[in-house]
Amino acid sequence: MALRLHDTLTRRTETFEPAEAGHVRMYTCGPTVYDRAHIGNFRAFIWEDLLRRYLKWKGYRITQVMNITDVDDRTIQAAIDRGVSLEEVTAPVTRSFFEDWETLGLEPVEQNPRATRHVPQMIELVRRLEEAGYTYAKDGSVYFAIDRFPGYGHLANIDPDSLRPGERVEGDENYSKENPRDFVLWKGGGRDHEGDVAVWDSPWGAGRPGWHLECSAMAMEYLGETLDIHTGGVDNIFPHHVNEIAQSEAATGRQFARWWLHAEHLLSEGEKMSKSLGNYYTVESLVELGHRPSAIRYLLLSAHYRTQLNFTIEGLKDADRAVGRLHEFRRRLAHTPVADGPSDGGSHLAELAERWRSAFTAALDDDLNVSDGLGATFTLVREANMALDGAGSFSAAGLDALGSALGDFDAVFGVLALRDREESEGAAGIEEWIEERIEARAAARSSRDFALADEVRDELLARGVALEDGPSGTRWKLLSQAD
Ligand code: AMP
Ligand code: ZN
């Protein structure tokens, strides 16, 4: 089946095909590393990870590039405020960004270019634009003249003439433009308050690149002049992506990105989660509160990317329970004995798995409809649990079909692998102790000392370990503080 995606530029949901058969070139606007990312930022990154994983699951090879913005107004301001170098601000933040990335189980992407290491490519792009007649220089800065680029603003449905002077052209206020709506490509140095925090030589004198320029230059460096998919959060549409289109297409004369995809915001207390409002959580702060990364990942993925999602701790606890249900089901499968002789329930299980596969694919093919995809997965779990509860025996083929359905689910959602990791990390030190206590409890029960058995159970519970007695013995699981 074909994947259909919603393109912000055409405002239509259409069948996706990469330019080169079987190979998707994708660019993702990365973090600005002035301060640790919050989970709102990670909503965008995790959705991009889902898109990447789903494309891979459908058999595409992916080349994904996500930049690190390590020079811009905010990083420079942070360096000035703290009296340190740019690198001293950005290096630790970049490190913690990738720690959080790992914690939430995002796949590494093929390239993570740093803006500061691509200044020559940015200068070259400005030079091309200058040659083509789209720029003007003033006081050491270079500007893009938007009225020389027909179609400016289409992505954001913006009529350039309706923009009020200076409106939302963030960070450019200090620059002397001919037209207040123009944006700056190269910011001339020598501005007193910035000192020499970030200065490079250029044909227009010392200075530094503008933020929009960074992404166009790095995208084209690694992916060529036309990419298949460009992603970001909706706040990137204007002015950032509008300006990326203008400067890239003016320079090359070609379409810059064939598809533009944008994720809606994560809200907190009804407003966009953001540093400036202070209504944010980081991955680290949630983990310190005892929440599991698998729950954070599940929650951030559980709403369609084009709808807003309101973050609450209650929602996070629900997400934790949802992951728990899927994980328990997979554990149950692993413990279900395979029929020795002929089985009567195996083909039913295989049928359920087949039905899941077509429902799951249809859902995600429909512009990544995760709600229907998760719905189909919980239907599978419910129906398979009913089948396993009933009398019957199950062939390896039937059980394997269910196992591979869950494997496929997780190749895309990546939450069960995280839960496995959490359990094995949490269990590493105390596993032996738990096994020893479970044996002690079994011994107490067999000598009918139920009070002692209960005491052991409570002792385990106090350490966050829950026991479950079943036909194949006693199993245990770690509870999160959220349980
Ligand atoms: P920044 O580090 O500010 O450049 O943002 C990195 C990414 O996070 C961008 O793609 C933004 O669109 C996205 N983003 C920022 N805040 C939120 C939010 N509250 N919800 C979803 N995405 C966000
Ligand atoms: Zn960007």
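Residues numbered from 1 in each chain as written. Chains lettered and ligands numbered in written order. Predicted model: local features only at pLDDT ≥ 70, side-chain atom pairs only at ≥ 80, totals over all residues. Heavy atoms only, no water.

1. Some points on the overall build of the protein chain
The helix and strand tally for the protein chain stands at 15 helices and 15 strands. C-alpha extents for the protein chain along the principal axes are approximately 90 × 50 × 35 Å. Taking as baseline every contact in the protein chain between residues at least 6 positions apart, the subset at least 24 positions apart corresponds to 77%. Across the protein chain, the 53 positively charged side chains and the 81 negatively charged ones have centroids separated by 2 Å. (Helix = DSSP H or I, 4+ residues; strand = E, 2+ residues; numbered from the N terminus. Contact = heavy atoms within 4.5 Å. Lys, Arg positive; Asp, Glu negative; His and termini not counted. Charge placed at Lys NZ, Arg CZ, Asp CG, Glu CD.)

2. Regarding the packing of aromatic side chains
Scanning all chains against the criterion turns up 23 aromatic pairs. When the centroid spacing of 5.8 Å and the interplanar angle of 5° are considered together, the rings of Tyr-134 and Phe-144 count as stacked. Of this pair, Tyr-134 sits in the loop between α4 (119-131) and β5 (135-138) while Phe-144 sits in strand β6 (residues 141-144), placing them ten residues apart in sequence. The exposure classification of Tyr-134 matches that of Phe-144, with both residues buried. When the centroid spacing of 5.2 Å and the interplanar angle of 55° are considered together, the rings of Tyr-281 and Phe-311 count as tilted. (Phe/Tyr/Trp six-rings, centres within 6.5 Å; stacked < 30°, edge-to-face > 60°. Buried < 20%, exposed > 50% of the residue type's maximum accessible area, 1.4 Å probe, protein only.)

3. Things to note about the environment of Ile-146
Within the secondary structure, Ile-146 sits in the loop between β6 and β7 (183-188). For the pair Ile-146 and Phe-183, spaced 37 residues apart in sequence, the C-alpha separation works out to 7.7 Å.

4. Topic: the pattern of salt bridges
Throughout the structure, instances matching the rule amount to 38 salt bridges. Its salt-bridge partner being Arg-445, residue Asp-469 comes within 3.6 Å of it at the nearest N-O pair. With Asp-469 in strand β14 (residues 465-470) and Arg-445 in helix α14 (residues 431-446), this pair connects stretches of sequence that are 24 residues apart. Because the salt bridges share partners, they merge into one network encompassing Arg-36, Glu-99, Asp-100 and Glu-284. (Salt bridge = Lys/Arg side-chain N within 4 Å of Asp/Glu carboxyl O.)

5. What to know about the coordination of the zinc ion (ligand 2)
Around the zinc ion (ligand 2), the protein contributes the donor atoms Cys-29 (SG), Cys-215 (SG) and His-240 (NE2), at 2.0 to 2.2 Å from the metal centre. Counting gaps between the donor residues of the zinc ion (ligand 2) yields the pattern C-x185-C-x24-H. With Cys-29 in the loop between β3 (23-28) and α1 (39-57) and His-240 in helix α6 (residues 237-252), this residue pair connects regions lying 211 residues apart in the sequence. By relative accessible area, Cys-29 is classed as buried at 8%. Given the relative accessible area of 0%, His-240 is considered buried. (Donors = N, O, S within 2.8 Å, 3.2 Å for Na, K, Ca; no water.)

6. Quick word on the packing of α4 against helix α5 (residues 211-223)
When two helices pack together, their arrangement is captured by the angle between the axes and the distance separating the axes. Relative to each other, α4 and α5 sit at 100°, their axes nearing to 9 Å. Taken together, the axes of α4 and α5 are roughly perpendicular relative to one another. For the pair α4 and α5, contact is made by Gln-121, Met-122, Leu-125 and Val-126 and by Leu-213, Glu-214, Ser-216, Ala-217, Met-218, Met-220 and Glu-221, respectively. Taken together, the residues that form the contact of α4 with α5 break down as seven nonpolar, two polar and two charged. (Axes fitted to C-alpha atoms, helices over the stretch in contact; angles between N-to-C directions. Parallel < 35°, antiparallel > 145°, perpendicular 65-115°, else oblique. Nonpolar A, V, L, I, M, F, W, Y, C, P; charged D, E, K, R; others polar.)

7. Quick word on the packing of α4 against α6
At a minimum axis distance of 9 Å, the contact between α4 and α6 shows a crossing angle of 65°. For the element pair α4 / α6, the angle class is roughly perpendicular. The handedness of the crossing between α4 and α6 is left-handed. Contacts between α4 and α6 involve Leu-125, Arg-128 and Leu-129 on the former and, on the latter, Gln-247, Ala-250, Ala-251 and Thr-252. Here the residues of the contact of α4 with α6 sort into four nonpolar, two polar and one charged. (Left-handed = near helix turned anticlockwise from the far one by under 90°.)

8. Some thoughts on the side chain of Arg-437
Topologically, Arg-437 is positioned in helix α14. Among residues more than four places away in sequence, those in contact with Arg-437 are Val-456, Glu-459 and Leu-460.

9. Some points on the site of ligand 1
Taken together, 17 residues surround ligand 1, and among them Thr-32, Gly-40, Asp-235, Leu-266 and Met-273 come closest. Measuring from an oxygen atom of ligand 1, one finds a side-chain N or O atom of Arg-74 at 3.3 Å. Measuring from a nitrogen atom of ligand 1, one finds a backbone N or O atom of Met-273 at 2.9 Å. In a pocket analysis with a 2 Å cut-off to the grid points, ligand 1 is assigned to the largest pocket. Ranked by residue count, the leading element in the shell around ligand 1 is α1, at four residues. Considering only residue class, the shell around ligand 1 consists of five nonpolar, eight polar and four charged. (Near = heavy atom within 4 Å. Polar contact = N/O pair within 3.5 Å; in protein donor to acceptor, adjacent residues only side chain to side chain. 1 Å grid on protein atoms, 1.4 Å probe; cavity = no way out; pocket = protein on both sides within 12 Å on 5 of 7 lines; lining within 4 Å. Sits in = over half its atoms within 2 Å of the grid points.)

10. A closer look at the sheet that holds β7
If you walk across this open sheet you meet the four strands as β5-β6-β7-β8, and the pairing is antiparallel. Each edge of the open sheet is held by one strand with a lone partner, namely β5 and β8 (207-209). On average, adjacent strands in this sheet sit at an angle of 25° to one another, irrespective of strand direction. Across three bridges, the pairing between β7 and β8 is antiparallel. Looking at β8, one finds that Lys-187 is bridged to Arg-208. Across the sheet, α4 touches β5, β6, β7 and β8, and the angle it forms with β7 is around 125°. Packed onto the sheet, α6 meets β6 and β7 and runs at close to 80° relative to β7. (Pairing = 2+ DSSP bridges.)

11. Topic: the domain arrangement of the protein chain
When cut into domains, the protein chain gives domain 1 (20-271), domain 2 (290-424) and domain 3 (429-478). Here the C-alpha centroids of domain 1 and domain 3 sit 55 Å apart. (Domains from an automatic or database assignment.)

12. Regarding empty space enclosed by the protein
Per the stated rule, a full pass over the model turns up three cavities of 30 Å³ or more. The volume enclosed by the second largest cavity comes to roughly 60 Å³. Forming the boundary of the second largest cavity are Arg-43, Trp-47, Leu-50, Leu-300, Leu-301, Ala-303, His-304, Tyr-305, Leu-368 and Val-370. Residue assignment for the lining of the second largest cavity shows that the elements contributing at least two residues are α1 and α8 (293-301). (Points joined across faces, edges and corners; volume = space filled by probe spheres on them.)

13. Describing the pairing of strand β15 (residues 473-478)
Side-chain positions along a regular strand alternate between the two faces of the sheet. As paired strands, β14 and β15 are joined by six bridges and run antiparallel to one another. Within β15, the position partnered with Gly-470 by the bridge is Gly-473. Counted along the chain from β14 to the antiparallel partner β15, the turn is two residues long.

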